[in-house]
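Coordinate analysis (summary)
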Amino acid sequence: MATATTTPPPGRNDITPPKGSSPSRAGDRIFLGLSRGSGITLLVIMAAIAVFLTYRAVLAISKDEGNFLTTSEWNPAGSPPVFGIAVLAFGTIVSSIIAMVIAVPIAIGIALFISHYAPRKLAAPLAYVVDLLAAVPSIIYGLWGAIFLVPYLDGLNKWLDQYMGWTYIFDKSGEGVARNLFTVGILLAIMILPIITNVTREVFLQVPRMHEEAALALGATRWEVIRMSVLPFGRSGIISASMLGLGRALGETMAVAVVLSPSFIISGHLLDPGGGTFAQNIAAKFNEADEFGRDALIASGLVLFVITLLVNGAARWIIARRKEYSGANA
Amino acid sequence: MKLHRKTGLRATALGALVVSGALVLTACGSDENVSPDGTKKTGAASNIKCDGAKGQLLAAGSTAQKNAMDLWVKNFQAACAGVEVNYQAIGSGGGITKFNQGQVAFAGSDSALKEDEVAESQKICKGGKGINLPMVGGPVAIGYKLDGVDNLILDAPTIAKIFSSKITKWNDPAIAKLNPGVSLPDVAIQAFHRSDESGTTQNLGKYLSEAAAADWKFDPKTKSWPAPGGQAANGSSGVAAAVKDTNGAIGYFELSYATANKISTVKLNTGAAQPVEATTENASKAIAAAKIKGTGNDLALSLDYKTKAEGAYPIILVTYEIACDKGNKAETLPTLKAFLNYTASEEGQKVLSDAGYAPLPAEIAAKVREIVPTLS
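Bear in mind that the values here come from a model prediction, so they are computed numbers and not experimental data. (Residues numbered from 1 in each chain as written. Chains lettered and ligands numbered in written order. Predicted model: local features only at pLDDT ≥ 70, side-chain atom pairs only at ≥ 80, totals over all residues. Heavy atoms only, no water.)

1. Describing the environment of P228(B)
Residue placement: P228(B) occurs in the loop between helix 7 (199–211) and strand 7 (231–233). Other than its neighbours up to four places away in sequence, P228(B) contacts F163(B), S164(B), S165(B) and F218(B). (Helix = DSSP H or I, 4+ residues; strand = E, 2+ residues; numbered from the N terminus. Contact = heavy atoms within 4.5 Å.)

2. Overview of the state of the cysteines
All names here are of chain B. Counted under the stated rule, the structure contains two disulfides over all chains. C50 shares a disulfide with C80; S-S distance 1.9 Å. Since a negative S-S torsion denotes a left-handed disulfide, the C50-C80 link at about -90° is left-handed. Within this pair, whereas C50 is found in the loop between helix 1 (2–28) and strand 1 (55–61), its partner C80 is found in the loop between helix 2 (66–79) and strand 2 (83–89), the two being separated by 30 residues in sequence. The exposure class assigned to C80 is buried, which follows from its relative accessible area of 1%. For C125, the disulfide goes to C324, at an S-S distance of 2.0 Å. Across the S-S bond of C125 and C324 the torsion is about -65°, and the bridge reads as left-handed. Here C324 lies in strand 13 (residues 316–324) and C125 lies in the loop between helix 4 (115–124) and strand 4 (130–145), a separation of 199 residues in the sequence. Side by side, C125 and C324 carry an identical accessibility label, which is buried. Shown here for chain B is a disulfide pattern of 1-2, 3-4, where each number marks a bonded cysteine counted in sequence order. (Disulfide = S-S within 2.5 Å. Buried < 20%, exposed > 50% of the residue type's maximum accessible area, 1.4 Å probe, protein only.)

3. A look at the confidence of the model for chain B
Residues and elements named next belong to chain B. For chain B, the mean per-residue pLDDT works out to 87, and 88% of the residues sit at or above 70. Note on residues 1–7: pLDDT is under 50 here. Beyond four places in sequence and across chains, it has seven contacts. Per-residue pLDDT stays below 50 along residues 24–45; that stretch engages in 19 contacts with residues further than four places along the chain or on separate chains. Prediction confidence for the complex, expressed as pTM and ipTM, is 0.81 and 0.79 respectively. (pLDDT = per-residue confidence, 0-100.)

4. A closer look at the packing of aromatic side chains
Residues and elements named next belong to chain A. Here the structure, examined in full by the defined rule, presents 18 aromatic pairs over all chains. Measuring from centroid to centroid gives 5.2 Å for W74 and F83, while their planes differ by 50°, and the two rings are tilted. On the basis of relative accessibility, which here comes to 5%, the residue W74 falls in the buried class. Three or more aromatic residues joined by ring pairs form one cluster here, namely F68, W74, F83, F264 and F292. Positioned over the ring face of F286 is R294, at 4.2 Å from the centre of the ring. (Phe/Tyr/Trp six-rings, centres within 6.5 Å; stacked < 30°, edge-to-face > 60°. Lys NZ or Arg CZ within 6 Å of the ring centre and 35° of its normal.)

5. As for the pairing of strand 13 of chain B
Residues and elements named next belong to chain B. Burial analysis of strand 13 places nine of its nine residues in the buried class, which makes it a mostly covered element. Here strand 13 shows no split at all, with I316, V318, Y320, I322 and C324 on one side and L317, T319, E321 and A323 on the other all buried. Alignment of strand 3 (residues 106–109) against strand 13, held across three bridges, turns out to be antiparallel. What sits directly across from G108, in strand 13, is E321. As paired strands, strand 4 and strand 13 are joined by nine bridges and run antiparallel to one another. Bridging from a neighbouring strand, L133 pairs with E321 of strand 13. (Pairing = 2+ DSSP bridges.)

6. Some points on the packing of helix 7 (residues 209–217) of chain A against helix 8 (residues 222–251) of chain A
When two helices pack together, their arrangement is given by the angle between the helix axes and by the axis-to-axis distance. All names here are of chain A. Put simply, helix 7 and helix 8 touch, their axes get as near as 9 Å, and they point 145° apart. Regarding helix 7 and helix 8, the two cross each other, and that crossing is right-handed. Listed contacts from helix 8 to H211, E212, A215 and L216 of helix 7 are V225, S229 and V230. (Axes fitted to C-alpha atoms, helices over the stretch in contact; angles between N-to-C directions. Left-handed = near helix turned anticlockwise from the far one by under 90°.)

7. A closer look at the pairing of strand 4 of chain B
Residues and elements named next belong to chain B. Within strand 4, 15 of the 16 residues are buried, leaving the element largely enclosed by the surrounding structure. The pairing of strand 4 with strand 8 (residues 249–254) spans six bridges and is antiparallel. If you follow V140 over to strand 8, its bridge partner there is E254. Bridging between strand 4 and strand 9 (residues 264–265) involves two bridges; their strand directions are antiparallel.

8. Re the environment of A283(A)
Residues and elements named next belong to chain A. Here A283 shows up in helix 10 (residues 278–285). For A283, a relative accessible area of 30% corresponds to the partly exposed category. With 25 residues separating them in the primary sequence, A283 and V258 have C-alpha atoms 9.8 Å apart. Each residue touching A283, except ones within four places of it in the same chain, is listed here: T253, M254 and A257.

9. A short note on the interface of chain B and chain A
Each partner contributes to the interface: chain B provides 35 residues, whereas chain A provides 28 residues. Both sides of the chain B and chain A interface together cover about 2,700 Å² of buried area, and 54% of this is carbon and sulfur. If you look at where chain B meets chain A, you find two salt bridges. Between K223(B) and E288(A) there is a salt bridge whose closest N-O contact spans 3.0 Å. Linking chain B with chain A are seven residue pairs in polar contact (both at pLDDT 80 or more). (Buried area = accessible area lost by both parts, 1.4 Å probe. Salt bridge = Lys/Arg side-chain N within 4 Å of Asp/Glu carboxyl O. Polar contact = N/O pair within 3.5 Å; in protein donor to acceptor, adjacent residues only side chain to side chain.)

Structure, rendered in structure tokens:
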């Protein structure tokens, strides 16, 4: 590290610190220590979480009579205890995919509108309202979903069943209120909209003026400017924004727990009540669970932890591949 | 970014307006589920004996007895100055866990301690073990919403078939047979159950597997909903709200939720001469048919779900207070004894029916009153 503190960064020769001045070196060392300490603390905390989850999970899984990954049942209090995460993994992923399919295009649309189309008087309050949406606690979304959204989606569900029933996923097998994975997906879409919109909007505002002006000078329309300069420039930003949103959708707890009518069945019929997510299942079962049941829930939490890590890893890999579009090269 | 700065002030003002508006609106809300007259019975703290009670008494457990606890705590604290009883309604499982870790003086639970939990409690109760003291009973009402029908009679096998999706229409012959003269509409039945784990679910399951053994073959001990089909909602309040909003719905919850939401409840055909309504009085009559299965000072009850006694409503929930028979912590023991003395007393039990609970039958209450003073 000594090299980093003594040799000035390349290209900044004009602001070389006075040589041999010990106070600045001490300051550097303190700052180095602080930042290194912070980094190490973070790693230690993460490792502690991972160790705790793994330890409790192993306690539970070693006594599981079913296959932890493929069993569609959750009965750790039974004798013998049988539990598995198949339904939870399916429900978590399916509801997140629905949320992403709905939220990403809308978020890009809102971001484009705010950054490129809206009159300035409208843009700022609109951006502010989107920010406020992110600050609403998830339990409020849950209550709103259960009391307002569910009854109103009844009609949409019936319509989808009638005209889109041939698609299998929209085939509804019976009467019932809209407490299904589809509704959860819509609710999650609303919840992840602000974060995707905000990050995307920031990225769109970073597009170099020169790019846009050059395109305009060549006679491009506003849409062509967006298609040729804004969207390609912002692509990695959109992906990372979407991944942030996906991270929230995967782990959402209370809103899903209040809205979903869970059952331990894997069903592709999205409009039928059923399914479940990791976080929802933990919220619903934790209170009444005994010690072993809690370990089992922690084991399911470990799987969510791993899925989230994989998603983030995948996002980083995609962004790294598209480095040519990132702001550094503009 | 420039946009931000220009209209930032105006946007802040708008945001402040929205937030303060929301605050004003939430201030009007209320999540209490105590019957309107239940909360007002506070005064008259006449016969509560404080007996050296002092300081803070921590307890945790069943949400089913939360409303009863709230009333008791209020009355007890009003009578005994300087005493604070803190009951956290975190669920029976959580309560037992906290009790066995020594964090609380007693736990509230919807079901008696299991063997391994008793074994574990011996670490905390030095020289003794955890015992179950029945304290609050209550009817689990089967609520329904069916336009045009305000008097519905069902029996255990029909309820089992409805909740396991074997009967799917309200005009099913099995229901019609129990309700002669009632015109039942051709409406689909939407059966609601709890989506979270619950002692209420467990007690309904126990009832159905005994009173309708042929039609309910699921594990009676499970706290999560075992049957296929139907829909779920979170908590008793969620089920009650869903039933209230949906035509053709049927669901189960503690009686107080039915009263508070004005939901019609099913009358049970138990085999007695008259169908039985879900009332606190009728629930007490059914608890009176219970037998004590615990040994020594343990008063775990075995409920008689098949009772045919006149006016006995058998879908009942009994919640226990779990404390150490010996080896309670010295500093909280006087408060613990004084508080449980009060809750088990005639006066304490009398408060219950105001909140939608069933007082313990005299015989069982007398046994509890004998045991509480022997705690040490």
